[in-house]
Amino acid sequence: MTRTWSDLDDFQAFIDGGGMVEPNDDMPAPYRDEVFRFIEFHANSELMGGLTERDWIPRAPGVRLKQIFLAKTQDEIGHAHLLYQVAADMGLKTRTEMLEQLFDGRSRFHNVFHYQAVTWADQIAIAYLVDAAAFASQRAVFAECTYGPYKRVLKRIVSEEGFHMRHGEEMLLRLAEGTDTQRSMFQDALTRWWWPAVQLFGPDSDPNDPLLRWKIKSQTNETLRHAYIQKYVPLLQSYGFEIPDDNLRFDAEAEDGKGAWLTTDIDWEPLKATMRQGGPDSRRRISTAAANYADTAWVRSALEPKPVAA
Amino acid sequence: MRTFEVFLKRPGKDEFRHVGSMQAPDPEMAQVLARDSYCRRGEGDQMWLVDRSDVVEVDQEVLATTTDLAHRTNDGSAVAARRKQLRAEGAS
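### Observations concerning the overall build of chain A
Helix and strand counts for chain A stand at 13 helices and two strands. Relative to a compact globule of 310 residues, whose C-alpha radius of gyration would be 19 Å, chain A shows 21 Å and is just as compact. Seen through its C-alpha atoms, chain A measures out along the principal axes to roughly 65 × 60 × 30 Å. Buried positions account for 37% of the 310 residues belonging to chain A.

Okay, here's the thing in structure tokens:
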């Protein structure tokens, strides 16, 4: 007998009591659907992110940075592997179906991987700002995460994203302390990447978001986004860079006198466009990923078990 | 493809822990792929791979028979109550 629950209230009581769901449980269909969709989105994003990273290996300046980007690429693709396995075990789609739908443009992935990285400084902005945003949101999922297999692989993923971010900050410092050209390269990249990174957290959460209720997410989108802005605005300013927001201001009265950075109202249209594969670089990104999948078909075929000769 | 459950033991006194699952055509390839997926930075010095089809998941009904067996544990409350009573008597 697998574990089962009489209805959603009974299941909620299990979750509220600190329960952890495992793959063989007879979990409620809405939980299976929502959690699967969330993990599939995460897996797709890791894969698309890893492929972006890979593009920059040949162009990374110097052997050490090439090694770092090789290792990071392997990490991101590795995360995708772990997550696709967890998602496939939920029984809704096979790994192959998920990949084929991603390469057909029928699946979603993080907004930030729908934009083009123009210069090496963009790649640093991604490694620093985007990885930090992804790290913050993944850590908030790991904090509670009621789906056991997801929580177990997140442990590894979160720890690796942690030092990816430190790599990012180290690379940023080199540009910040570099020549005027290097500084202006990073400023341009920051101007391109600030809003996509902030938008990665998504619009304000629906108060009835089932993922909050079922403790997959431990924090609302707006809470995470706000904390991110409070941390990264002063940090980037301290390196002498300018946040591309004319209405950005520090309100000393905000939050009971603690003070807070307030931004302009966020335009969510660019985020929505990426969810329809209508981002500035969506088409090229997806076709590159599809071509990579086709190019590596021989590896999958070589791994197929061979029939044993009689 | 076969699915393997991966258990990793960190160097030192930690116990083996389930860290995830993975697919491989055979146990030999599984070792290489498990290392690449789960142990790229010395996260463990021992690893077990278990073919998922060999895992016996214990029936909930078999496990759910121990809640009324209070005599198998002792939470110390009887001794604590007795001591408290003795202290109260000594103080009076």
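### Considerations on the nonpolar core
Within the largest apolar cluster, 68 residues are counted, with the highest numbers of intra-cluster contacts made by A87, I124, L129 and A133 of chain A. Elements with a contribution of two residues or more to this core: α2 (29-55), α3 (63-88), α4 (95-103), α5 (120-144), α6 (148-176), α7 (180-199), α9 (221-238) and α12 (282-295) of chain A. Per element, the largest residue contribution to this core is 14 residues, and it comes from α5 of chain A. Counting eight residues, the second-largest nonpolar core is a separate cluster that includes M22, A24, A34 and Y38 of chain B.

### Side note on the packing of α5 of chain A against α9 of chain A
Residue and element names in this part refer to chain A. The interhelical angle for the contact between α5 and α9, taken along N-to-C directions, is 140°, at an axis separation of 11 Å. Regarding the angle of α5 to α9, the classification is oblique. Like other packed secondary-structure pairs, α5 and α9 cross with a definite hand, here right-handed. Here L129, A132, A133, A136, S137 and A140 of α5 come into contact with α9, specifically with L224, Y228 and Y232.

### Brief notes about the confidence of the model for chain B
Reading predicted coordinates in detail is not appropriate for stretches of low pLDDT. Residues and elements named next belong to chain B. The predicted model of chain B averages 90 in pLDDT, with 99% of residues at 70 or higher. For chain B, the element scoring lowest by mean pLDDT is helix α2 (residues 60-63), at 82; strand β3 (residues 46-51) scores highest, at 97. What the predictor reports for the complex is a pTM of 0.90 with an ipTM of 0.81.

### Here we look at the interface of chain A and chain B
With 14 residues of chain A at the interface, the matching set in chain B holds 15 residues. Sorting the residues of the side of chain A that touches chain B by element identifies α3 and α6 of chain A as the ones contributing at least two each. If one sorts the elements of the side of chain A that touches chain B by residue count, α3 of chain A sits on top with four residues. Residues of the side of chain A that touches chain B, tallied by class, amount to five nonpolar, four polar and five charged.

### A few points about unusual backbone geometry
Trans is the common state for peptide bonds, and a negative phi is the common state for residues other than glycine. Residues and elements named next belong to chain A. One non-glycine residue, K215, lies in the positive phi region at around 55°. Tracing the sequence through the fold places K215 in the loop between α8 (210-213) and α9. The exposure class assigned to K215 is partly exposed, which follows from the 19 C-beta atoms found within 10 Å. Located in the positive-phi region is D256, a residue other than glycine, with phi close to 55°. Among the structural elements, D256 can be located in helix α10 (residues 254-257). On the neighbour-count criterion, D256 (6 C-beta atoms within 10 Å) is exposed.

### Re the pairing of strand β1 (residues 2-9) of chain B
Residue and element names in this part refer to chain B. Pairing between β1 and strand β2 (residues 17-24): seven bridges, direction antiparallel. Of the residues in β2, the one forming a bridge with L8 is R17. The pairing of β1 with β3 spans six bridges and is antiparallel. The residue bridging F7 from the neighbouring strand is W48, located in β3.

What counts, and where the lines are drawn
Residues numbered from 1 in each chain as written. Chains lettered and ligands numbered in written order. Predicted model: local features only at pLDDT ≥ 70, side-chain atom pairs only at ≥ 80, totals over all residues. Helix = DSSP H or I, 4+ residues; strand = E, 2+ residues; numbered from the N terminus. Rg over C-alpha atoms; globule rule 2.2 N^0.38 Å. Buried ≥ 20, exposed ≤ 12 C-beta atoms within 10 Å, placed from the backbone. Core = buried A, V, L, I, M, F, W, Y, C linked by C-beta atoms within 7 Å. Axes fitted to C-alpha atoms, helices over the stretch in contact; angles between N-to-C directions. Parallel < 35°, antiparallel > 145°, perpendicular 65-115°, else oblique. Left-handed = near helix turned anticlockwise from the far one by under 90°. Contact = placed C-beta atoms within 7 Å. pLDDT = per-residue confidence, 0-100. Nonpolar A, V, L, I, M, F, W, Y, C, P; charged D, E, K, R; others polar. Pairing = 2+ DSSP bridges.

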